[in-house]
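Summary of structural features
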Amino acid sequence: MQPIIIVLIILVVLVFIALIKTIQVIPQASAAIVERFGRYTRTLNAGLNIVVPFIDSIRNRIDLREQVVPFPPQPVITQDNLVVNIDTVIYYQVTDARAATYEVASYIQAIEQLTVTTLRNIIGGMDLERTLTSREEINAALRGVLDEATGKWGIRVNRVELKAIEPPTSIQDSMEKQMRADRDKRAAILTAEGIRQSQILTAEGEKQSAILRAEGESKAAALRAEGEAQAVRTVFEAIHAGDPDQKLLSYQYLQMLPKIAEGDANKLWIVPSEIGDALKGLSGAFGNLGGGAPGFNTGGNGGNGGNGGNGGNEGSPGVVNPRGAAVERREEPPVH
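The shown structure was predicted, so the numbers you read here are calculated from the model rather than taken from an experiment. (Residues numbered from 1 in each chain as written. Predicted model: local features only at pLDDT ≥ 70, side-chain atom pairs only at ≥ 80, totals over all residues. Heavy atoms only, no water.)

**Structural notes on the overall build of the protein**
- Looking only at helices and strands, the protein has 8 helices and 10 strands in total.
- Per-residue burial over the protein gives 25% buried out of 336 residues.
- Considering only contacts within the protein whose residues lie at least 6 apart along the sequence, 59% involve residues at least 24 apart.
- Entry remark: accessible area of the protein is about 22,500 Å², with carbon and sulfur atoms responsible for 56%. (Helix = DSSP H or I, 4+ residues; strand = E, 2+ residues; numbered from the N terminus. Buried < 20%, exposed > 50% of the residue type's maximum accessible area, 1.4 Å probe, protein only. Contact = heavy atoms within 4.5 Å. Areas by Shrake-Rupley, 256 points an atom, 1.4 Å probe, with all protein chains shown as cover.)

**As for the side chain of Asn139**
- Mapped onto the fold, Asn139 is located in helix H5 (residues 135–150).
- In this view, Asn139 contacts Val160, Glu161 and Leu162; residues no more than four positions away in its chain are not counted.

**Comments concerning the sheet that holds strand S8 (residues 155–166)**
- Across the sheet, 3 strands lie side by side as S6-S7-S8; this open sheet has antiparallel pairing. Of all the strands in the sheet, just strand S6 (67–77) and S8 have a single pairing partner and so form its edges. Geometrically, the sheet is characterised by an average inter-axis angle of 25° between neighbouring strands, direction not taken into account.
- Of the strand pairs in this sheet, S6 and strand S7 (residues 83–94) are connected by 9 bridges, and their pairing is antiparallel. Each residue of the ladder has a partner; that of Gln67, found in S7, is Tyr92.
- Sitting on the sheet, helix H3 (residues 107–123) touches S6, S7 and S8, and the angle it makes with S6 is about 40°.
- Contacts between H5 and the sheet are confined to S7 and S8, with S8 contributing the most and set at about 145° to the helix. (Pairing = 2+ DSSP bridges. Axes fitted to C-alpha atoms, helices over the stretch in contact; angles between N-to-C directions.)

**Thoughts on the side chain of Thr118**
- Among the structural elements, Thr118 can be located in helix H3.
- If near-sequence neighbours (up to four positions away) are discounted, Thr118 is found in contact with Leu142 and Val145.

**A look at a nonpolar patch on the surface**
- A cluster of nonpolar side chains, Ile5, Ile9, Val13, Phe16, Ile17, Ile20, Phe37, Val52, Phe54 and Ile55, forms an exposed patch at the surface whose accessible area comes to about 970 Å².
- In this structure, Ile17 sits in helix H1 (residues 2–22). (Patch = residues over 30% accessible without salt bridge, like charges linked within 9 Å, V, L, I, M, F, W, Y side chains within 5 Å. Salt bridge = Lys/Arg side-chain N within 4 Å of Asp/Glu carboxyl O.)

**Digging into the sheet that holds strand S5 (residues 56–63)**
- Taken in spatial order, the 3 strands make up an open sheet running S3-S2-S5, and their pairing is antiparallel. Edge strands, defined here as strands with exactly one partner in the open sheet, are strand S3 (39–44) and S5. Here the average twist between neighbouring strands, direction ignored, is 25°.
- Note: strand S2 (residues 30–36) against S3, 5 bridges, orientation antiparallel.

**Side note on the nonpolar core**
- Ile86, Ile90, Tyr92, Tyr107 and Leu119 are the most contacted members of the largest nonpolar core, which has 32 residues in total.
- Secondary-structure elements contributing two or more residues to this core are S2, S6, S7, helix H2 (97–102), H3, H5 and S8.
- Sorting elements by how many residues they give to this core places H3 first, with 7 residues.
- Apart from residues no more than four positions distant in its own chain, Tyr107 is found in contact with Ile62, Tyr92, Val94, Ala100 and Ile155.
- Counting residues in hydrophobic clusters, the runner-up holds 5 residues, among them Ala32, Val34, Leu44 and Val51. (Core = buried A, V, L, I, M, F, W, Y, C linked by side-chain atoms within 4.5 Å.)

**Looking at a positive patch on the surface**
- A surface patch of positive charge is lined by Lys177, Arg180, Arg183 and Arg186.
- Topologically, Arg183 is positioned in helix H6 (residues 169–242).
- Since its relative accessible area comes to 45%, Arg183 is described here as partly exposed. (Lys, Arg positive; Asp, Glu negative; His and termini not counted. Charge placed at Lys NZ, Arg CZ, Asp CG, Glu CD.)

**Comments concerning the environment of Arg36**
- Structurally, Arg36 is set in strand S2.
- With relative accessibility at 35%, the residue Arg36 sits in the partly exposed group.
- Between the C-alpha atoms of Arg36 and Val52, which are 16 residues apart in sequence, the distance is 8.8 Å.
- Aside from chain neighbours lying at most four places away, what touches Arg36 is Thr41, Val52, Ile55 and Asp56.

**Details of the packing of H3 against H5**
- H5 packs onto H3 with a crossing angle of 140° between their chain directions and a minimal axis gap of 10 Å. Taken as axis vectors, H3 and H5 run oblique relative to one another. Considering how the two elements wind past one another, H3 and H5 form a crossing that is right-handed. Together, Ile111, Leu114, Thr115, Thr118, Leu119, Ile122 and Ile123 of H3 and Ile138, Ala141, Leu142, Val145, Leu146, Ala149 and Thr150 of H5 make up the contact between the two elements.
- Among the residues forming the contact of H3 with H5, the class breakdown is 11 nonpolar, 3 polar and no charged. (Parallel < 35°, antiparallel > 145°, perpendicular 65-115°, else oblique. Left-handed = near helix turned anticlockwise from the far one by under 90°. Nonpolar A, V, L, I, M, F, W, Y, C, P; charged D, E, K, R; others polar.)

Without other data, these values stay purely geometric and don't point to any function.
Below, the structure is given as structure tokens:
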């Protein structure tokens, strides 16, 4: 009985192994290459698949999702003979599992080497400044070459990115100095522009202020002159409306003379030519009343205006007679 049991156990194990090899479960976004006696038979897609055990075998399982592969820095020589280190990142996706398995031995290594050689060809035709400022151009050119070369391998290159472009240390120092000088230059230019604009605005403001001030003074002077003219017209009209006689005018002249002589600094003052006639009329009026009118020095023509009147003894300022002769102010003691 024991040999039979052993044989049965062996058969059960073989059946179990056969079932395991017969049923193949492929995950989503994956594919498997099936070979029969070493020859490609078919590609298993995601899900449950049945194969012939001990005859069919799984050659390779391939991930169909998009892959990201960073490559180490590669030294590249530019057109102006400068060595720069460039890091690249490749985004690719397997579209044909069979081609990726049988058309190339190792598509990852093939993509890396193709990237390096293509990158050297592209950078070799550019100088350093263009290399540093033309990333998009380099990416597009590199992607075009890789996509064309990897198409027959069943691989699609979606994106190619340059992670870093590192020029030599000495070049970096020179670039930093240049950028610092450029920034200082721009700062100086902006400062000068600001000062210039400030001076222009200040000058414009002063100009507008002067114009407005002049306009205000002009209008004020015009209004002041107009007011004085109106006042003179009003007084003139009032005087003519009152129809004053010569005696009233003479009396008004005499009232204004002390105001004209006010102040110690008044050494010379002017008497209108009409005051002679006014004084004559006023003198006649006072003569009729029996009194003497005050005397004024009018250049020797009427020093005595009446009885008891002494001209020029009151310490009054000098008087200009009607003919324009000026009399200097003299300080004399009063007569008792």
